[in-house]
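Coordinate analysis (summary)
This is what each chain is made of:
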Protein chains: 2
Amino acid sequence: MISKLITEIKKKNAPVVVGLDPQMAFLPKFLLDKAIKEKGETLEAAADAIFEYNKGLMDAVADLIPAVKPQIAMYEMFGVPGVAAYKKTVDYAHDKGLVVIGDIKRGDIGSTSGAYAIGHIGKITVGNTEIAPFDEDIVTVNPYLGSDGVKPFIEICNSCDKGIFVLVKTSNPSSGEFQDKKIGDKTLYEEVADTVSEWGKESMDGDYSNVGAVVGATYPEMGIELRKRMKNTYILVPGYGAQGGKGSDLKGYFNEDGLGAIVNSSRGIIAAYKNEKYASFGEEGYADAARQATVDMIEDISQAIG
Amino acid sequence: MISKLITEIKKKNAPVVVGLDPQMAFLPKFLLDKAIKEKGETLEAAADAIFEYNKGLMDAVADLIPAVKPQIAMYEMFGVPGVAAYKKTVDYAHDKGLVVIGDIKRGDIGSTSGAYAIGHIGKITVGNTEIAPFDEDIVTVNPYLGSDGVKPFIEICNSCDKGIFVLVKTSNPSSGEFQDKKIGDKTLYEEVADTVSEWGKESMDGDYSNVGAVVGATYPEMGIELRKRMKNTYILVPGYGAQGGKGSDLKGYFNEDGLGAIVNSSRGIIAAYKNEKYASFGEEGYADAARQATVDMIEDISQAIG
């Protein structure tokens, strides 16, 4: 799967992924009003509005980018109807030819991680029929439980040509609380990085592994170090834009050939219409604002790594 | 919420929770056959069968135990219909007067953890209507991202009288890979335990905090140490039974008053009919087998802590 993602990155010339994280505060009011008119003040209405919002966004940016990254929390927030909107978003993204990175950050004991892996990137058999329940292409995974919480995902990467990005160093302010703690002569995130590299050897797909890593844009010096440390590991970089990461900080996350990393922006793109810079698009023009913000982001990243 | 759980534990005289983890291998065939007859070989059929299975189990054990712990992975494995069966299970457990511990192990950056917290233990406002999307009473949380990934859950514990159990030392074989690593003079799990204790001070509810900890039954010497280390922290203990934890190992997880811990068993109860000891109940008697296994487990734990 990582080779497919790389092909798409090269084709679009954009190591950029748009995070589809539809919080209530970003949702254009006219979409919610319309849905409430049809379905009342219900979770179903909110879910319909979210999906319409995502559709507009994907229609506007699909030709520019290789992938989208829906954050499942923003859908679980709306209960079962929200999760149904997540699944519709995954399917619509596939219709648009986009790679789908499900930002689910799951991780549990072996048999339970196995269930998550089947549900999100694998297949379940009901009677004699095989079904792919959520069918993302790549998902994010939490490493706190160790190898037997991650290996069931890697097995499915191999059997179904899928990928994972394992949390190494996250973008949030308190990520250092545990991740930066020193274990002997390395930090916990370095220990996790080395383990991710090892896991990755079991799922090579061209020059890179289907087992990638998450390293936040907000810690550029660690990005440089981790790029060197995990030679065959693709890096998913969240935290660009609204969280504070800048294009000029990100050169070190990439290899000299311009590959090795893909940068995510969520709020900065999907809520661009709320940003002064793109305010002239107005709420009704939220999708066009997102398109312009995507063009600007690709330009910013390209200049930085150029 | 922890005081409500303790009240129920005392009332039933059972520091025991039944894990509702309906894997395909445990599901009685007659339930799946019936569902497939009605809905074909679909995720909807599997989800219907799972819910019927859970209903039978809860009808059989609800008077014996204070709480159930559905593991959401086992429902996500069946896609959107599976998640709908999870929600129906939560609601049915509430109808039966059971406390619901949603084993979701979520954890993300602040705003995203906030979305999970709202979705699972909080309320979302659509228009002017407040809705509790999943409405579990307590959920499990992964600490790898640090305070700002956990605090949004604690805020909702306080505003909505809910609880969380944070992963400290998990029950799986490779849990030590990162959790046992030495950070200065303590291990990572001890560092997390101390942080959980600190977080807990922000959400006291009687003698114990709404912020509890997960410590696996499979590491009894660590259970003893962590019981002393986290004085006001309730401990959720997975790994009893099928994973290898025995009642006689668990005394150290409890305080002298018999409180301080609640022990989970999943497979050992819900798939008891597949165990030689309870085989005479047969597949059709899966619920009665589960009831007998629950009675036996309560006896085993009571003797140990007695």
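Here the structure is a predicted model, which means the values were calculated and not measured. (Residues numbered from 1 in each chain as written. Chains lettered and ligands numbered in written order. Predicted model: local features only at pLDDT ≥ 70, side-chain atom pairs only at ≥ 80, totals over all residues. Heavy atoms only, no water.)

1. Structural notes on unusual backbone geometry
Going by this rule: Here the term buried applies to any residue with accessible area under 20% of the maximum for its type, exposed to any over 50%, and partly exposed to those in between, with areas from a 1.4 Å probe on protein chains only.
For A:Asn13, which is not a glycine, the phi torsion comes out positive at approximately 55°. In this structure A:Asn13 comes out as exposed when scored by relative accessible area, which is 59%.

2. Comments concerning the relation of the copies chain A and chain B
Note the threshold: Copies are brought into register by a least-squares superposition over C-alpha atoms of residues with pLDDT of at least 70 in both. We call two residues in contact whenever any of their non-hydrogen atoms come within 4.5 Å of each other.
The transformation that overlays chain A on chain B combines an axial shift of 0.0 Å with a rotation of 180°, and the residual RMSD is 0.0 Å. Both copies of the chain, as the preceding transformation shows, are related through a two-fold rotation axis. When C-alpha distances to the rotation axis are compared across chain A, the minimum falls at A:Ile183, with a value of 2.5 Å. Comparing interface residues between copies, 99% of those in chain A also sit at the interface in chain B, which points to an isologous, same-surface contact.

3. Examining the sheet that holds strand E12 (residues 211–215) of chain A
Residues and elements named next belong to chain A. Condition: Being paired, for any two strands, means DSSP has found at least two bridges between them. Helix numbers and strand numbers start at the N terminus; a helix is a DSSP run of H or I with at least 4 residues, a strand a run of E with at least 2. All axes are obtained by fitting lines to C-alpha atoms, using only the stretch in contact for helices, and the reported angles, taken between N-to-C directions, cover 0 to 180 degrees.
Reading around the circumference, E1-E2-E3-E6-E7-E12-E13-E14 is the order of the eight strands in this closed barrel, with parallel pairing throughout. Each adjacent strand pair in this sheet contributes to an overall mean axis angle of 30°, direction not counted. Judged from the two bridges that link them, E12 and strand E13 (residues 235–237) form a sheet pairing that is parallel. Each residue of the ladder has a partner; that of Val214, found in E13, is Leu236.

4. Concerning the side chain of A:Asp108
Defined as follows: Polar contact is the term for a pair of N or O atoms within 3.5 Å; when the atoms are in protein, one must be able to donate a hydrogen and the other to accept it, and sequence-neighboring residues count only if both atoms are side-chain atoms.
Residue position: A:Asp108 is located in the loop between strand E3 (99–106) and helix H6 (110–121). Relative accessible area serves as the criterion here: at 1%, A:Asp108 is assigned to the buried category. Engagement of the side chain of A:Asp108 in a polar contact is seen with the side chain of B:Gln71, the distance being 3.3 Å. If we ignore the near neighbours within four places in the chain, the residues touching A:Asp108 are A:Ser113, A:Tyr116, A:Leu145, A:Gly149, B:Gln71 and B:Lys105.

5. Notes on the packing of aromatic side chains
Let me state the cut-off plainly: Here the aromatic set is Phe, Tyr and Trp, taking the six-membered ring for Trp, and pairing holds for ring centres within 6.5 Å; pairs whose planes are under 30 degrees apart are stacked, those over 60 apart are edge-to-face, and all others are tilted. As a reminder, the over-ring test applies to NZ of lysine and CZ of arginine, requiring each to be within 6 Å of the ring centre and within 35 degrees of the ring normal.
Inspection of every chain in the model, using the stated rule, returns twelve aromatic pairs over all chains. When the ring of B:Phe30 is compared with that of B:Tyr286, the centres are 6.4 Å apart and the planes differ by 50°; the resulting orientation is tilted. One end of the pair, B:Phe30, is in helix H2 (residues 29–39); the other, B:Tyr286, is in helix H12 (residues 286–305), with 256 residues separating them in the sequence. Judged by relative accessible area, B:Phe30 falls into the partly exposed class, the value being 25%. Residue B:Tyr286 is classed as buried on the basis of its relative accessible area, which comes to 6%. Plain terms: the ring middles of B:Tyr53 and B:Tyr286 are 5.2 Å apart, the flat faces sit at 45° to each other, and that makes the pair tilted. One end of the pair, B:Tyr53, is in helix H3 (residues 43–61); the other, B:Tyr286, is in helix H12, and 233 residues separate them in sequence. Per residue, the accessibility class of B:Tyr53 equals that of B:Tyr286, and both read buried. Put simply, the rings of A:Phe30, A:Tyr53 and A:Tyr286 touch in pairs and so form one group of aromatic residues. Between the NZ or CZ atom of A:Lys169 and the centre of the ring of A:Tyr219, over which it lies, the distance is 4.2 Å.

By themselves these figures say nothing about function.
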